[in-house]
Amino acid sequence: MSGTSSDTFLIDGADGSYEMVVGLEVHVELATATKLFSGSPNRFGDEPNTHIDPVTLGLPGALPVLNRHAVELAMRIGLALNCTVQPCTFHRKNYFYPDMPKAYQISQYDVPLNVDGWLDLPDGTRIGIERAHLEEDTGKSTHVGGSGGRIHGSASSLIDFNRAGVPLVEIVGRPDIRTPEQARQYVNELRAILVAIGASDAKMEEGSMRVDANVSVRRPGDELGTRCEIKNLNSVRSLGRAVEYEARRQVALVEAGERIRQETRHWDEGDGRTHTLRSKEDADDYRYFLEPDLVPLDPGDEWIETVRAGLPPLPAARRTALAETTGAPADGEAVMVVVDRDQDAYVLAVGEAGGDVARALVHVKEAYAEQGAEPTVPAADLAALTTMEVAGELTATQAKQVLAEIVANGGGDPAAIARDKGFEAMDTGALEVMVDEAIAAQPAAWEKFCNGEDKAVGALVGAVMKASQGQADGKAVTALLRARRG
Amino acid sequence: MTAHDVPTTAIDIAAAVRAGIVSASDVVERHLAAIDAHERDVHAFNRVLADQARAAAAAIDAAVAAGDDPGPLAGVPVALKDNLCTRGVPTTCSSKILDGWRPPYDATVVTRLAAAGAIAVGKTNLDEFAMGSSTENSAFGPTRNPHDVERVPGGSSGGSAAAVAAGFAPVGLGSDTGGSIRQPAALCGVVGVKPTYGLVSRYGLVAFASSLDQVGPFTHTVADAAAVLEIIGGHDPMDSTSIPEPVPDLSALLDDGVDGLRVGRITDLPTGADPDVVERVEAAFDALAAAGATIVDVEVPAFTYGLTAYYLIAPAEASSNLARYDGVRYGLRVDAPDTNAMYMATRHEGFGAEVKRRIMLGTYALSAGYYDAYYGKALKVRRLIADDFARAYERADVLLTPASPSVAFAFGDKTDDPLAMYLCDTYTIPSNLSGHPGMSVPFGTGAHDLPIGVQVLAPALHEPTMFRVAAELERAAPPTPAPRMIDVAVGGAGSAR
């Protein structure tokens, strides 16, 4: 596909332009009832340290037992992202931090569950998925006193282990993203998929979806440049701003003849910049080794195929279906919003009830999807409304008013409501009379209109609308006036 | 019923208690009396659980009085190695770092023993975090060998071995990562079993090296060991590495003899065992041959490399397992100005020298740039050992080796030379690396009239055959002398059979 603004994004240098190269690493919390390796609830927002147990706290002698449902959700993610699901192993990633109870994180290393997939953006760009692996979350630290909420310089630290051991899938995208818009689309599309397959609620604001961006710049066609990893991206908007800022920062460095240092950088939403967090030389040596407390995980073909067969239609396929049925563009706003809010089935139901799906799409988008509300009107009522509209029995304006009433009542017969409101399609004869009266009443406006002042038509149309008590179709009135003018 | 009638083996005690011939309370009192009399000389325990044991005994007696079955190990006192978690009871691993920590849960083996009617009488001393072969690395002082209190009991499960040898309990539980059950069993003149990896749950065993650790029993007799293993073994859903099968029947074949079995002699076994030990192993081969077994020569070339591979793999896992002792959540915390300083002060103060040595070894072996040369290569050796054993077991049903290269040695003999201490486990380590079972059976004495143990090795899950051979050795063995510090009437290994 082409023609969208996400296609090109070049940053000018003194001597030719640069492109940005972005790869995203996304952590999502899985929507399981319990933790990855223990029976404590996986629940956000409760009193600190109420969802803990010997495994969660890393007490001596406690052992992990893998949560089957977490594996299944991780497999759903892999299959939805076109990955190969394979026999895999768990490793220990060793480092000290107060909110990590065992001083190692159980993760997957050289043989992850899902490998080699892809995600297609709504604009048609295909972004490679390197891997999507299972791992456990850490606890959450709150540093009291000091500055900036960092551990260094704080007076004390509070730790909540409710999040420790919550199952995560880390989805590592390939560096195939070239514009801030593609980065935003990637995260939005990924989130839509994760929600659709029931793997996660994927809320960036609550931290159930966390995005880190690897950003580098290069002359188009050159080898990959040195990358920096950007952390603390708390919204899709931040992501777009941060990758653009970072790419421009790197171009400025290159233009100034300096080298890019590989490092981890922190996005500051306040000043709109990225700041050095740690350089590559300071990186931990994680001393990965095979987790001896777990056995290799081999899902087996039967389980994989069962999970694959149980996947619901994905957002892209649903958009295509809705677009084909309604005639609206698949990456247009109406289709995007309606599928995103899960209301495409309702639109199609209106069609099945004999209504006009194209009109239904617009109504559902405006009355429900944009408000974030769930459709409550019986599909048959909306179908009847669109049928009247298409037949010219209601103008677009009238249809909206009728729909508003149906929505307010949770249903209703549009014909009856239209009658109550006095909305009857006016015959041309009645309209002609009203137009005559309007011209007679406002000769100055008519003269201006005849002299080519198109704006003057508004006063005349307004008069007709008033005389018809809003029942006239504004477009039809304008057409009549233009015809008279000749 | 007088106290003199309390039997000495677990099976006899349980039978007598279940039949109402002896009360569990009498059993417990007799053993607490033995502890009272001799614990100050032996120091087998970090903590004696007298009140808890008396309460448990009263409950067993009430069950018997009510006509209920109190379980197959009813009234049997058990000494638990202090790296097995006990709910509400301090579990120290003989380390300062766990100061004040009381587990909120019982290890699976502890739960299963209690459900079978066994009674925990104490938590036994060990080398700190099970790292050592003499129990001298305990933060609470060494345990002494009941056969000669100037000598070590072996280790790391020296406390449990000594407790059984001294008659403090007819059953002890230990953990064996590289020989920590079999070597002290040999030095203390008791039976000690390291089961197949995964046969016994590790849930609640404080980890030293997770891929090697395995819980097992100390007893006076082979039959007692089989009875205990039948209780503590079998699948546990709380341990992912637990074999998803019930424990095999270990007692059924004990009287079948060894006629027709093939007993392997490893021709390329590492040398270094003392002559008195070699002599007893030869006598064991002779005894089995006389009982109808065929002695076959086998080669296990990688056996020799077991020790070096072990001292990379075990410390590597330990460096990770022991990283959690950071002063943040439980145990010792030494205050310091910031978090990193607190970590360092706590770990400096909390760990002993051997533990620190192994954490450093293991961290180094796993580090970027060294992983392939050390840890990676050790994993390859581990595979070689398993392959070599597999070939040997095509020709032999079991293998026979020394359990320990020497009899019990004197305190301080090896404390300044870690390598000499590590060599104590030459013959036991390879079966930890392969995950195979092994057990030490007392088979007479050597220098200074000290006990010597012969090790029986078998393929994975071939415990029934291993026990069958061990029972034959037990029948052929000269009597083990009674511990020298002990009142014979309390019962020691010598009166077991």
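Source: prediction; values computed, not measured.

Participant: What am I meant to see in the confidence of the model for chain A here?
Facilitator: Confidence in the prediction of chain A, expressed as mean pLDDT, is 91, and 96% of residues score 70 or more. Long-range and interchain partners of residues 1–6 of chain A, a stretch whose pLDDT sits below 50, account for 12 contacts in this model, where long-range means more than four residues apart.

Participant: What is the right way to look at the layout of surface pockets in this model?
Facilitator: In this approach a probe as big as a water molecule rolls over the atoms, and the regions it shows empty are the leftover space. Estimated volume of the second largest pocket: approximately 960 Å³. Lining of the second largest pocket is provided by 34 residues; of these, Phe289(A), Leu290(A), Glu291(A), Tyr375(B) and Leu379(B) occupy positions nearest its centre. Elements represented by at least two residues in the lining of the second largest pocket include exactly strand S15 (289–290) of chain A together with helix H9 (306–321), helix H12 (372–395) and helix H14 (429–434) of chain B. Among the elements that line the lining of the second largest pocket, the one with the most residues is H12(B), at four residues. In the lining of the second largest pocket, the residues fall into 18 nonpolar, eight polar and eight charged.

Participant: Quick question: what am I supposed to make of the packing of aromatic side chains here?
Facilitator: Each aromatic ring pair is summarised here by two numbers: the centre-to-centre distance and the angle between the ring planes. Under the defined criterion, the tally for this structure stands at 24 aromatic pairs over all chains. With a centroid separation of 6.2 Å and an interplanar angle of 80 degrees, the aromatic rings of Phe37(A) and Phe90(A) are classed as edge-to-face. Separated by 53 residues along the polypeptide, Phe37(A) in the loop between strand S2 (16–29) and helix H1 (68–80) and Phe90(A) in the loop between strand S3 (84–85) and strand S4 (91–94) bring together distant segments of the chain. The class for Phe37(A) is buried, based on a relative accessible area of 4%. Judged by relative accessible area, Phe90(A) falls into the buried class, the value being 3%. On the numbers, 3.9 Å between centres and 10 degrees between planes, the contact of Tyr109(A) with Tyr288(A) is stacked. Pair noted here: Tyr109(A) is in the loop between strand S5 (104–107) and strand S6 (114–120) and Tyr288(A) is in the loop between strand S14 (273–279) and S15, with a separation of 179 residues, a long-range link. Judged by its relative accessible area of 38%, Tyr109(A) falls in the partly exposed class. On the basis of relative accessibility, which here comes to 18%, the residue Tyr288(A) falls in the buried class. An aromatic cluster is present here, built from Trp101(B), Phe129(B), Tyr325(B), Tyr330(B) and Phe351(B) joined pairwise through their rings. Between Arg68(A) and the ring centre of Trp303(A), over which it is positioned, the NZ or CZ distance is 4.1 Å. The side chain of Arg485(A) reaches across the aromatic face of Phe449(A), ending 4.0 Å from its centre.

Participant: Help me understand the state of the cysteines, please; the structure alone is not making it clear to me.
Facilitator: Should the sulfur atoms of two cysteines be covalently bonded, the bond is a disulfide. Considering all chains together, one arrives at zero disulfides over all chains under this definition. Unpaired in this structure, Cys424(B) has its nearest cysteine sulfur neighbour in Cys188(B), at a distance of 13 Å.

Criteria and cut-off values
- Residues numbered from 1 in each chain as written.
- Chains lettered and ligands numbered in written order.
- Predicted model: local features only at pLDDT ≥ 70, side-chain atom pairs only at ≥ 80, totals over all residues.
- Heavy atoms only, no water.
- pLDDT = per-residue confidence, 0-100.
- Contact = heavy atoms within 4.5 Å.
- 1 Å grid on protein atoms, 1.4 Å probe; cavity = no way out; pocket = protein on both sides within 12 Å on 5 of 7 lines; lining within 4 Å.
- Points joined across faces, edges and corners; volume = space filled by probe spheres on them.
- Helix = DSSP H or I, 4+ residues; strand = E, 2+ residues; numbered from the N terminus.
- Nonpolar A, V, L, I, M, F, W, Y, C, P; charged D, E, K, R; others polar.
- Phe/Tyr/Trp six-rings, centres within 6.5 Å; stacked < 30°, edge-to-face > 60°.
- Buried < 20%, exposed > 50% of the residue type's maximum accessible area, 1.4 Å probe, protein only.
- Lys NZ or Arg CZ within 6 Å of the ring centre and 35° of its normal.
- Disulfide = S-S within 2.5 Å.

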